Amino acid sequence: MSKRSQARQQSGHKGFITLTGILIIAAVSVTIVIAFFGLAVGGMNVATVFKHGEQARALAESCAEEALGQLRLSDAYAAGKIITFTHGSCQIVAIAGSGNTNRTLQVIGVVEGTTRRLEIEIAQISPIIQIISWTEVAIF
């Protein structure tokens, strides 16, 4: 084999090794980019769910305030009212107890499938409303 033929063969072999190295680096780079993209999308989903949760809690609090106002006007006020907003709704689910003292109020806020539940324990309604606890709960 002549020296030229050997040089070409070695040059072709080196070119193949270089091309293989470039392809491996490109594949690793693409994998890293895809992984970062997946993390970014996952982060956006978590942020959206968190935002919906905060909005649902705010709507539940709106229903709680509405119910407290109605109870102040009449301690015979009954649950069941649903209030619809642009981005969700809330419902006064239950008002336990009777009269002026020892009442429990349960409300739900819903935004895009995310639900928040509040349970409010009331010591007295009149002459001023006295709240014992205002708690977010998983279930009633």
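The rules we used
- Residues numbered from 1 in each chain as written.
- Predicted model: local features only at pLDDT ≥ 70, side-chain atom pairs only at ≥ 80, totals over all residues.
- Heavy atoms only, no water.
- Helix = DSSP H or I, 4+ residues; strand = E, 2+ residues; numbered from the N terminus.
- Buried < 20%, exposed > 50% of the residue type's maximum accessible area, 1.4 Å probe, protein only.
- Contact = heavy atoms within 4.5 Å.
- Areas by Shrake-Rupley, 256 points an atom, 1.4 Å probe, with all protein chains shown as cover.
- Core = buried A, V, L, I, M, F, W, Y, C linked by side-chain atoms within 4.5 Å.
- Patch = residues over 30% accessible without salt bridge, like charges linked within 9 Å, V, L, I, M, F, W, Y side chains within 5 Å.
- Salt bridge = Lys/Arg side-chain N within 4 Å of Asp/Glu carboxyl O.
- Disulfide = S-S within 2.5 Å.

Here we look at the overall build of the chain
Move 1: Per the secondary structure count, the chain includes one helix and five strands.
Move 2: Put simply, the chain has 140 residues, and 21% of those count as buried.
Move 3: The contacts in the chain between residues at least 6 apart in sequence include a share of 39% that link residues at least 24 apart.
Move 4: Looking at the chain as shown, the accessible area adds up to about 9,400 Å², and 62% of this sits on carbon and sulfur atoms.

Notes on the nonpolar core
Move 1: In terms of nonpolar packing, the biggest core is built from 20 residues, with I92, L105, V107, I120 and I122 touching the most fellow members.
Move 2: Broken down by secondary-structure element, the contributors of at least two residues to this core are α1 (3–73), β2 (88–96), β3 (101–111) and β4 (114–124).
Move 3: Take this core: its biggest share by element is eight residues, from α1.
Move 4: Residues contacting V107, with those up to four places away along its chain left out, are A60, C63, A64, Q91, I92, V93, R116, R117, L118, I120 and F140.

Regarding a nonpolar patch on the surface
Move 1: Taken together, the side chains of I24, V28, I32 and F36 present a nonpolar region at the surface, about 400 Å² in accessible area.
Move 2: Locating I32 in the fold gives a position in helix α1.

Here we look at the state of the cysteines
Move 1: Evaluation of the coordinates by the stated rule reveals one disulfide.
Move 2: Sulfur-sulfur distance for the disulfide between C63 and C90 comes to 2.0 Å. With the S-S dihedral at roughly 80 degrees, the linkage between C63 and C90 falls on the right-handed side. Of this pair, C63 sits in helix α1 while C90 sits in strand β2, and the two are 27 residues apart along the sequence. Each member of the pair, C63 as well as C90, carries the same accessibility label: buried.

Considerations on the environment of A64
Move 1: You can see A64 is positioned in helix α1.
Move 2: Assessed through its relative accessible area of 0%, A64 is described here as buried.
Move 3: In the structure, A64 is positioned 70 residues away from W134 in sequence and 9.6 Å away in space, judged by C-alpha atoms.
Move 4: With residues near it in sequence (within four places) discarded, A64 still touches L105, V107, I120 and W134.

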